[in-house]
Amino acid sequence: MKVIVDLCVVPMGVGVSVGKYVAECQKVLQEAGLKHQLHAYGTNIEGGWDEVFAAIKLCHERVHAIGAPRITTSIKVGTRTDREQSMQDKIDSVVEKTTSA
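Structure report, in brief. (Residues numbered from 1 in each chain as written. Predicted model: local features only at pLDDT ≥ 70, side-chain atom pairs only at ≥ 80, totals over all residues. Heavy atoms only, no water.)

**What to know about the packing of helix H1 (residues 19–32) against helix H2 (residues 49–65)**
Move 1: Where H1 meets H2, the axes come as close as 9 Å, and the angle between the chain directions of the two elements is 140°. Of the possible angle classes, the one that applies to H1 and H2 is oblique. By crossing handedness, the relation of H1 to H2 is classed as right-handed. Two secondary-structure elements touch here, H1 through Tyr21, Glu24, Cys25, Lys27, Val28, Leu29, Glu31 and Ala32 and H2 through Ala55, Leu58, Cys59, Arg62 and Val63.
Move 2: Its residues placed into classes, the contact of H1 with H2 shows 9 nonpolar, no polar and 4 charged. (Axes fitted to C-alpha atoms, helices over the stretch in contact; angles between N-to-C directions. Helix = DSSP H or I, 4+ residues; strand = E, 2+ residues; numbered from the N terminus. Parallel < 35°, antiparallel > 145°, perpendicular 65-115°, else oblique. Left-handed = near helix turned anticlockwise from the far one by under 90°. Contact = heavy atoms within 4.5 Å. Nonpolar A, V, L, I, M, F, W, Y, C, P; charged D, E, K, R; others polar.)

Below you can see the structure in the form of structure tokens.
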């Protein structure tokens, strides 16, 4: 099953700056070959259910490994059975409606 996920991994107990931990998750997603797009408060990920959730697990493992004693994560998940839809399809749909109004 294909899935689009909005992921926000927040390392705790590491101070105010979390950039190196976010960068580690981005590396995990790149290594997994998943289509993803970083945004200001998280990352959108597109792919197969098992591959996406395996990568999320690996993000946790790697963030712990580089020093975060605790992590809190927010995940929003979307799936469709009526048709294929990509992250870009969703964006294009909104842009199309804003330019034609």
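So, next bit.
**Describing the sheet that holds strand S3 (residues 42–48)**
Move 1: Strand order in the open sheet formed by 4 strands is S2-S3-S1-S4, and the pairing between neighbours is antiparallel. Two strands lie at the open edges of the sheet, namely strand S2 (35–39) and strand S4 (70–78), each paired on one side alone. Within the sheet, the average angular offset between the axes of one strand and its neighbour, ignoring direction, is 20°.
Move 2: Packed on one face of the sheet, H1 meets strand S1 (2–12), S2 and S3 and runs near 165° to S2.
Move 3: Of the strands in this sheet, S1, S3 and S4 are in contact with H2, which crosses S4 at around 165°. (Pairing = 2+ DSSP bridges.)

**So, the pattern of salt bridges**
Move 1: By the definition in use, this model includes 5 salt bridges.
Move 2: Across the pair Glu24 and Lys27 runs a salt bridge, and its minimum N-O distance is 3.7 Å. In this pair, Glu24 and Lys27 both sit in helix H1, 3 residues apart, roughly one turn of the helix.
Move 3: By relative accessible area, Glu24 is classed as buried at 11%.
Move 4: We classify Lys27 as partly exposed; its relative accessible area is 40%.
Move 5: Between Asp82 and Arg80 there is a salt bridge whose closest N-O contact spans 2.6 Å.
Move 6: Classification of Asp82 as exposed rests on a relative accessible area of 56%. (Salt bridge = Lys/Arg side-chain N within 4 Å of Asp/Glu carboxyl O. Buried < 20%, exposed > 50% of the residue type's maximum accessible area, 1.4 Å probe, protein only.)

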